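Now for the letters of each chain:
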Amino acid sequence: MTEFDTVRDWLLGLQDRICAAVEAADGRARFAEDRWERAEGGGGRTRVLRDGAVFEQAGIGFSDVSGTRLPPSASAARPELAGASWRACGVSLVFHPLNPYLPTTHANVRHFRAMRDGETVAWWFGGGFDLTPFYPFDEDVLHWHRTARALCEPFGGAQRYEAHKRWCDDYFFLKHRAETRGVGGLFFDDLHADFDADFAYMRAVGDGFLDAYLPIVERRRDTPSGEREREFQLYRRGRYVEFNLVYDRGTLFGLQSGGRAESILMSLPPRVRWEYGYAPEPGSAEARLADYLRPRDWLAEAGA
């Protein structure tokens with residue numbers, strides 16, 4: 001078995017484990033699976049859960065795709081890869097809960113290889129997870145970051161956590177809004193120092209996602225809410241759409257490389273709204289969110 005096949009098999013198992021855990025947490029809805037093939041090479045399986053007791057929509061996709069030429073966005077960033085064939089596999093998820101007090105979340109783990117004349121000329125791992133609350137709770141934010149810090153411990157400890165937390169803050173930043181997409185987490189790309197160590201870190205991030213998110217689900221799933229909170233949730237979901245369509249490199253790579261649009265865009269929320277010139281009432285719960293949408297050292301501020 002090749003290194004790529006080892007990563008691929010682990011990712012298939014990760015998708016299965018997360019789906020089982022989310023179905024158990026939701027308690028009502030089940031994932032529907034859509035298997036697909038890509039004309040240029042490879043395919044995947046997209047799973048979507050809709051209209052659950054907890055999740056309005058939860059999408060998690062596995063893909064193993066290949067091509068003979070990298071899209072412009074990739075070859076421009078890495079000129080040495082121009083003309084190389086490539087293969088990439090990954091698991092990506094976005095969960096949009098029904099309750100406005102339960103945060104939206106995203107996670108992704110992936111592996112990429114470029115080949116020329118049958119030889120690997122480049123490989124790397126990437127991934128991470130981040131949290132997007134609309135009505136944030138410090139308890140949830142601290143748990144999220146404590147989990148991220150703990151899984152980084154065997155891979156460089158505080159230095160790894162601080163670097164990949166900062167990378168997450170920088171990446172998930174909406175420049176035109178001057179705000180972060182949420183309260184951050186971890187983000188890394190182009191990790192290629194040592195295959196075994198880097199693969200182990202990717203596995204820790206993938207497995208750590210459930211440890212970070214499920215306790216928040218249990219705390220917030222039944223929080224009472226009304227029309228005001230629902231309308232604010234739908235409005236803030238608009239920021240999620242803006243980021244994914246304007247800045248997200250994975251979305252751009254997928255569309256430019258001829259990827260399956262339905263699978264690429266499953267990250268978008270099922271319901272969303274925009275409102276011209278919206279400003280929350282000063283001192284309101286909605287206005288409080290703004291203080292969370294900036295890079296902060298959450299654990300240091302809390303002495304945690």
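Everything below is about the structure printed above this text.
Residues numbered from 1 in each chain as written. Predicted model: local features only at pLDDT ≥ 70, side-chain atom pairs only at ≥ 80, totals over all residues. Heavy atoms only, no water.

This next bit is on the overall build of the chain. When its secondary structure is counted, the chain shows ten helices and nine strands. A globule of 304 residues ought to have a C-alpha radius of gyration of about 19 Å, and the chain, at 19 Å, matches this closely. Over its C-alpha atoms, taken along the principal directions, the chain stretches across nearly 60 × 40 × 40 Å. Residues counted as buried form 55% of the 304 residues belonging to the chain. For the chain, the share of sequence-separated contacts (at least 6 apart) that also reach a separation of at least 24 residues comes to 71%. Mean positive and mean negative side-chain charge positions of the chain (39 and 46 charges, respectively) differ by 2 Å. (Helix = DSSP H or I, 4+ residues; strand = E, 2+ residues; numbered from the N terminus. Rg over C-alpha atoms; globule rule 2.2 N^0.38 Å. Buried < 20%, exposed > 50% of the residue type's maximum accessible area, 1.4 Å probe, protein only. Contact = heavy atoms within 4.5 Å. Lys, Arg positive; Asp, Glu negative; His and termini not counted. Charge placed at Lys NZ, Arg CZ, Asp CG, Glu CD.)

This paragraph deals with the packing of aromatic side chains. This model, assessed by the stated rule, comprises 29 aromatic pairs. A ring pair is formed by Trp123 and Phe195, whose centres lie 5.8 Å apart and whose planes are at 70°; its orientation type is edge-to-face. Taken together, the positions of Trp123 in strand S6 (residues 119-132) and Phe195 in helix H5 (residues 195-220) put the pair 72 residues apart, joining distant regions of the chain. Phe195 matches Trp123 in its accessibility class, with the two residues each being buried. Three or more aromatic residues joined by ring pairs form one cluster here, namely Phe55, Phe95, Phe129, Trp144, Phe209 and Tyr213. Arg203 extends its terminal NZ or CZ atom over the ring of Phe199, reaching a point 4.5 Å from the ring centre. (Phe/Tyr/Trp six-rings, centres within 6.5 Å; stacked < 30°, edge-to-face > 60°. Lys NZ or Arg CZ within 6 Å of the ring centre and 35° of its normal.)

This brings us to the environment of Arg87. Secondary-structure assignment places Arg87 in strand S4 (residues 85-97). With a relative accessible area of 27%, Arg87 lands in the partly exposed category. Put simply, Arg87 and His111 are 24 residues apart on the chain and 8.5 Å apart in space, counted from C-alpha to C-alpha. Not counting residues within four places of it along the chain, the set of residues in contact with Arg87 comprises Phe4, Asp5, Arg8, Asp64, Val65, Ser66, His111, Phe112, Arg113 and Met115. A distance of 2.8 Å separates a polar atom in the side chain of Arg87 from a polar atom in the side chain of Asp64. (Polar contact = N/O pair within 3.5 Å; in protein donor to acceptor, adjacent residues only side chain to side chain.)

This next bit is on the pattern of salt bridges. Inspection of the entire model under this criterion finds 33 salt bridges. A salt bridge links Arg35 to Glu33, with the nearest nitrogen and oxygen atoms 2.7 Å apart. Residue Arg236 is joined to Glu179 by a salt bridge in which the shortest nitrogen-to-oxygen separation is 2.8 Å. You can see Arg236 sitting in helix H6 (residues 227-246) and its partner Glu179 sitting in strand S8 (residues 179-180), a full 57 residues away along the chain. The exposure class of Arg236 is buried, given its relative accessible area of 9%. Overall, the relative accessible area of 11% leaves Glu179 in the buried class. Among the charged side chains, a salt-bridge network with shared partners connects Asp16, Glu33, Arg35, Arg45 and Arg47. (Salt bridge = Lys/Arg side-chain N within 4 Å of Asp/Glu carboxyl O.)

With antiparallel pairing, seven strands are arranged side by side in an open sheet as S1-S2-S3-S4-S5-S6-S9. Two strands in the sheet have a free side with no partner beyond their single neighbour: strand S1 (32-37) and strand S9 (184-191). Here the average twist between neighbouring strands, direction ignored, is 5°. Taken together, the nine bridges between strand S2 (residues 42-50) and strand S3 (residues 55-67) define a ladder with antiparallel strand orientation. Residue pairing for S3: Arg50 is matched across the bridge by Gln57. Its contacts with the sheet place helix H3 (residues 138-152) against strand S5 (104-116), S6 and S9, and it is angled at close to 30° to S9. Contacts from H5 reach S3, S4, S5, S6 and S9, with the element oriented near 15° to S6. (Pairing = 2+ DSSP bridges. Axes fitted to C-alpha atoms, helices over the stretch in contact; angles between N-to-C directions.)

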